[in-house]
Amino acid sequence: LKVIDKEDVYSKPQSEMILKDFFGKHPVKSYTVAHKSDPKGGSQYVIGTLETDNGKFRIYFLIKTSGSNTLIQQFRIETENK
C-alpha cells in the first residue's frame, strides 16, 4: 500500500485505517479510469485519476484472481504530477 508518502506492506486492518484516514481528509468528487489492462494470468491493473476537494491524485491498483477469490495485491495513491 502506498498513500502519498506512506509506503509499506500493511495488514488488512492497518490498510483500512490508512485509507479511511486518506478519504476522510480528501472527500471524493470523481474517479476516472485512464487505463485498464486485460486480465493475464489472473492479474489485472487499473490506473485512474481521483479528483478530491483537495486536488487530484493518480490511483493504481493491481488485483489478482485465484479461483473464486479476487484480492487487491497492490494499491497506490500518488500526487498527480503537474
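As a convention, each chain's residues are numbered from 1 in the sequence order in which they are written. In keeping with the predicted nature of the model, local features appear solely for residues at pLDDT of at least 70, side-chain atom pairs appear and are counted solely at 80 or more, and the whole-chain, interface and lining totals rest on all residues. Remark: hydrogens and water are excluded; side-chain values derive from all non-hydrogen atoms of the structure.

### Details of the overall build of the chain
Then, in step 1: Along the chain, the regular secondary structure elements total one helix and six strands.
Then, in step 2: What you see in the chain, going N to C, is helices and strands ordered as β-β-α-β-β-β-β.
Then, in step 3: For the C-alpha atoms alone, the extent of the chain along its principal axes is close to 40 × 30 × 20 Å.
Then, in step 4: Relative to its full complement of 82 residues, the chain shows a buried share of 29%.
Then, in step 5: Contacts were defined at the residue level, with two residues in contact if any of their heavy atoms lie within 4.5 Å. Once local pairs closer than 6 in sequence are excluded, the contacts in the chain between residues at least 24 apart make up 25%. Helix and strand definitions follow DSSP, with helices as H or I runs of at least four residues and strands as E runs of at least two, each counted in order from the N terminus. The rule is simple: take the accessible area with a 1.4 Å probe, protein chains only, and divide by the maximum for that residue type; under 20% is buried, over 50% is exposed, in between is partly exposed.

### A closer look at the sheet that holds strand 3 (residues 28-36)
Then, in step 1: Criterion used throughout: strands pair if DSSP finds at least two bridges between them. The six strands are arranged 2-1-6-5-4-3 in an open sheet whose pairing can be described as mixed. Of all the strands in the sheet, the pair left with one neighbour each is strand 2 (6-7) and strand 3.
Then, in step 2: Two elements, strand 5 (residues 55-66) and strand 6 (residues 69-79), share ten bridges in a ladder whose sense is antiparallel. Its bridge partner lying in strand 6, Phe57 is registered against Thr79.
Then, in step 3: Interaxial angles span 0 to 180 degrees and are taken between N-to-C directions of axes, which are lines fitted to C-alpha atoms, for helices over the stretch in contact. Sheet strands touched by helix 1 (residues 12-25): strand 1 (2-3), strand 3, strand 4 (43-52), strand 5 and strand 6. Its angle to strand 6, the strand with the most contacts, is close to 45°.

### Concerning the pairing of strand 4
Then, in step 1: The element strand 4 is largely enclosed, with a buried count of seven among its ten residues.
Then, in step 2: Bridge count between strand 3 and strand 4: seven bridges; the pairing is antiparallel. Paired with Tyr31 across the two strands is Leu50, which belongs to strand 4.
Then, in step 3: The antiparallel pairing of strand 3 with strand 4 creates a hairpin that spans six residues between the two strands, and Gly41 there sits at a positive phi of about 60°.
Then, in step 4: With ten bridges joining them, strand 4 and strand 5 adopt antiparallel strand pairing. Bridge pairing in strand 5 links Ser43 to Lys64.
Then, in step 5: Where strand 4 folds back on strand 5, the antiparallel hairpin that results is connected by two residues.

### Brief notes about the side chain of Ser43
Then, in step 1: Here Ser43 is to be found in strand 4.
Then, in step 2: Contacts of Ser43, omitting those with residues within four sequence positions, involve Asp38, Leu62, Ile63 and Lys64.

### Topic: the environment of Phe61
Then, in step 1: Considering the arrangement of structural elements, one finds Phe61 in strand 5.
Then, in step 2: C-alpha of Phe61 to C-alpha of Gln44: the two residues are 17 residues apart in sequence and 8.5 Å apart in space.
Then, in step 3: Beyond its immediate sequence surroundings of up to four residues, Phe61 is in contact with Tyr31, Gln44, Tyr45, Val46, Gln74 and Phe75.

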